[in-house]
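Below are the chains, spelled out letter by letter.
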Amino acid sequence: MSWPYPPKLAHRGAGKLAPENTLAAMRLGASFGYAMFEFDVKLSGDGVLLLMHDATLDRTTDGTGRVAGFAFGELARLDAGGWHSAAYAGEPIPTLAQVARWLLRNGRMANIEIKPCPGREAETGAAAALEARQLWQGAAVPPILSSFSETALDAARRAAPELPRALLFGELPGDWLQRCLALGCVALDAHHAALTEAVIADAHRAGLRVIAYTVNEPARAGELFGWGLDALITDAVDLIAP
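Per chain, the residues get numbers from 1 upward, laid out in the order the sequence is written. In keeping with the model being predicted, local features are shown solely for residues with a pLDDT of at least 70 and side-chain atom pairs are shown and tallied solely at 80 or more, while totals for entire chains, interfaces and linings include all residues. Derived side-chain values reflect all non-hydrogen atoms in the structure, with water molecules and hydrogen atoms excluded from consideration.

**Description of the pattern of salt bridges**
Each reported salt bridge corresponds to a side-chain nitrogen of Lys or Arg within 4 Å of a carboxyl oxygen of Asp or Glu. The tally for this structure, following the rule as stated, stands at 14 salt bridges. Measuring nitrogen to oxygen at the nearest pair gives 2.6 Å for the salt bridge that ties Asp154 to Arg157. Of this pair, Asp154 and Arg157 both sit in helix α5 (residues 150-159), separated by three residues, roughly a single helical turn. A salt bridge links Arg205 to Asp202; its shortest N-O distance comes to 2.3 Å. Of the two residues, Arg205 and Asp202 are both situated in helix α7 (residues 197-205); the distance of three residues between them amounts to about one turn of the helix. Only protein chains enter the calculation, and the probe is 1.4 Å; a residue is then buried if its accessible area is under 20% of its type maximum, exposed if over 50%, and partly exposed in between. When its relative accessible area of 33% is taken as the criterion, Asp202 is described as partly exposed. Here a helix means four or more residues in a row that DSSP labels H or I, a strand means two or more in a row labelled E, and each is numbered from the N terminus.

In structure tokens, the structure reads:
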């Protein structure tokens, strides 16, 4: 496929400079010039796609317990910014629809990481793909759907096969290429420490692009791009210019 995406993506909105997976973080990331954002989506207990990394609320909100244990109406009342700093107190948990609206109106792009609550892999993958298809219908550049869960990514493939997909790996297994190709992926998305010049070359020979996460050192970014890396995801939006 053609590759319309920029070489640098902001991790969870603006890395660690704002509360992750919030619209406030994306606005801050955009202020540094970032045009594409990686963020995590999962389902609330009543099936609403929302931005959240963890399966539980405790780390990034003033709530406690499982995300899947609450309806979105309850989750929407939580403070998802105060844990980060006082300036962001009261920042809400956004829905995928709200984030898509902001991205599209501001000419920004998305890498949606499907991050299912345990046991909801296929359900979340299909829901994310179907909603992304609807939200980005007619958009010039579709979102990339990525996941560590092959079950979720396969469900996304079945639900909306036209949306580009990337399989995530922390460490690369020997059959990483076969697993990417079996899911019809357009890209390998791997922890930067797992990538070598040879791995990037192998991916390119197979027709795959390569994305690296989470690259926070400018020197490492330069090394990876020197090896032919297609894109990186970074927390260091203030240090690595987009």
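**So, the pairing of strand β2 (residues 36-43)**
Of all eight residues that make up β2, eight are buried, and the element is covered over most of its length. Residues of β2 alternate between two faces, with Met36, Glu38, Asp40 and Lys42 on one and Phe37, Phe39, Val41 and Leu43 on the opposite face, all of them buried. Bridging between strand β1 (residues 8-11) and β2 involves two bridges; their strand directions are parallel. Opposite His11, over in β2, you have Glu38 as the bridge partner. With respect to chirality, the unit in which β1 leads through helix α1 (residues 23-31) into the neighbouring parallel β2 is right-handed. In short, DSSP must find at least two bridges between two strands for them to pair. By convention a crossover is right-handed if, when the strands point away from the viewer, the path from the first strand over the helix to the second runs clockwise.

**Quick notes on helix α3 (residues 96-105)**
Listed as buried for α3 are Leu96, Ala97, Val99, Ala100, Trp102 and Leu103. Should any heavy atoms of two residues lie within 4.5 Å, those residues are counted as being in contact. Looking at the buried side of α3, the elements it contacts are α1, β2, β3 (49-51), β4 (109-114) and α4 (121-135). Phi turns positive one or two residues past the end of α3, at Gly107, with a value near 65°.

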